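Chain by chain, the residues run as shown.
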Amino acid sequence: MSECLFCRIVAGEIPADVVFEDEQVLVFKDINPKAEVHLLAIPKLHVASLNELDTSHDALLAHMMHLLPRIARDQGLENGFRTIINTGAGGGQIVFHLHMHLLGGDRLPGFE
Ligand code: 5GP
Ligand code: ZN
């Protein structure tokens, strides 16, 4: 059994409120939402953070980036959305499985 929380969500060992899934990517609701819509998009492949990426991940990353606006629209965020990637302890990363926060709607935090 993996010790990585998000790998365990991918494996179905820990429940999550999944809003999108394909062969490479899982998107689910953040358990502690910081905005009206707060999703986490993760690769099913375990990659700890941006620091661990190499060119073998290029297609996967492009796929994830292209998915985000589609998912935001599906969530009713026609007016726009915010993406955040925390990297390393100094960047506020708590779960060391690469994830893109997708936030939108009311109560959008920070960077205004
Ligand atoms: P980080 O600070 O690593 O970028 O963000 C980790 C995010 O994962 C946090 O926003 C936190 O609320 C979320 N999170 C932590 N544990 C769980 C969990 O078990 N399920 C879900 N859905 N989200 C989680
Ligand atoms: Zn993992």
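Data block above holds the structure.
Because the structure is a prediction, the values reported are computed rather than measured. (Residues numbered from 1 in each chain as written. Chains lettered and ligands numbered in written order. Predicted model: local features only at pLDDT ≥ 70, side-chain atom pairs only at ≥ 80, totals over all residues. Heavy atoms only, no water.)

Peer 1: Any chance you could explain the coordination of the zinc ion (ligand 2) here in plain terms?
Peer 2: In ideal tetrahedral geometry, four donors around a metal make angles of 109.5 degrees, whereas ideal octahedral geometry with six donors gives angles of 90 or 180 degrees. Coordination sphere of the zinc ion (ligand 2), protein contribution only: Cys4 (SG), Cys7 (SG), His46 (ND1) and His97 (ND1), at 2.0 to 2.3 Å. Around the zinc ion (ligand 2) sit four donor atoms; with metal-centred angles ranging over 106 to 117°, the donor geometry is tetrahedral. All donors of the zinc ion (ligand 2) belong to a single chain; written as a sequence motif, their spacing is C-x2-C-x38-H-x50-H. One end of the pair, Cys7, is in helix α1 (residues 5-10); the other, His97, is in the loop between β4 (82-84) and β5 (100-104), and 90 residues separate them in sequence. Assessed through its relative accessible area of 0%, His97 is described here as buried. (Donors = N, O, S within 2.8 Å, 3.2 Å for Na, K, Ca; no water. Tetrahedral: all angles 85-135°; square planar, octahedral: opposite > 155°, others 65-115°. Helix = DSSP H or I, 4+ residues; strand = E, 2+ residues; numbered from the N terminus. Buried < 20%, exposed > 50% of the residue type's maximum accessible area, 1.4 Å probe, protein only.)

Peer 1: Mind showing me how you'd approach unusual backbone geometry here?
Peer 2: Glycine aside, a negative phi is what most residues show, and trans is what most peptide bonds show. Positive phi, close to 65°, is recorded for Arg107, a residue that is not glycine. The topology assignment puts Arg107 in the segment after β5.

Peer 1: Looking at this structure, how should I read the pattern of salt bridges?
Peer 2: Any two side chains of opposite charge can pair, given that their charged atoms come close. Using the criterion set out here, one finds three salt bridges in the structure. Asp17 is the partner of Lys29 in a salt bridge, and the nearest nitrogen-oxygen pair spans 3.8 Å. Placement of the pair is Lys29 in strand β2 (residues 25-29) and Asp17 in the loop between α1 and β1 (18-21), with a sequence separation of 12 residues. Overall, the relative accessible area of 41% leaves Lys29 in the partly exposed class. The exposure class assigned to Asp17 is partly exposed, which follows from its relative accessible area of 43%. Among the salt bridges present, the one from Lys44 reaches Glu21, with a minimum N-O distance of 2.7 Å. Residue Lys44 is found in the loop between β3 (37-43) and α2 (58-74), and its partner Glu21 is found in strand β1; the two are separated by 23 residues along the sequence. On the basis of relative accessible area, Lys44 is assigned to the partly exposed category, the value being 23%. For Glu21, a relative accessible area of 48% corresponds to the partly exposed category. (Salt bridge = Lys/Arg side-chain N within 4 Å of Asp/Glu carboxyl O.)

Peer 1: Got a minute to help me understand the pairing of β1 in this structure?
Peer 2: Within a regular strand, the side chains alternate between the two sheet faces. Judged from the three bridges that link them, β1 and β2 form a sheet pairing that is antiparallel. Looking across to β2, one finds that Phe20 is bridged to Val27. The hairpin turn running from β1 into β2, its antiparallel successor, is three residues long. (Pairing = 2+ DSSP bridges.)

Peer 1: Help me understand the side chain of His38, please; the structure alone is not making it clear to me.
Peer 2: Mapped onto the elements of the fold, His38 is located in strand β3. Classification of His38 as buried rests on a relative accessible area of 6%. Among the polar contacts made by the side chain of His38, one reaches the main-chain amide nitrogen of Lys34 at a distance of 2.9 Å. Discounting chain neighbours no more than four positions away, the residues touching His38 are Phe28, Lys29, Asp30, Asn32, Pro33, His101, Leu102 and Leu103. (Polar contact = N/O pair within 3.5 Å; in protein donor to acceptor, adjacent residues only side chain to side chain. Contact = heavy atoms within 4.5 Å.)

Peer 1: Before we go on, may I ask you to explain the layout of surface pockets in this structure?
Peer 2: Using a probe with the size of a water molecule, rolled over the atoms, empty space left in the structure can be pinpointed. Here the largest pocket is characterised by a volume of approximately 590 Å³. As for the largest pocket, its lining consists of 25 residues, and the residues nearest its centre are Asp30, Ile31, Asn32, Leu40 and His101. A total of three residues in the lining of the largest pocket trace back to one element, the largest contributor, which is α1. Counted by class, the lining of the largest pocket contains 14 nonpolar, seven polar and four charged residues. (1 Å grid on protein atoms, 1.4 Å probe; cavity = no way out; pocket = protein on both sides within 12 Å on 5 of 7 lines; lining within 4 Å. Points joined across faces, edges and corners; volume = space filled by probe spheres on them. Nonpolar A, V, L, I, M, F, W, Y, C, P; charged D, E, K, R; others polar.)

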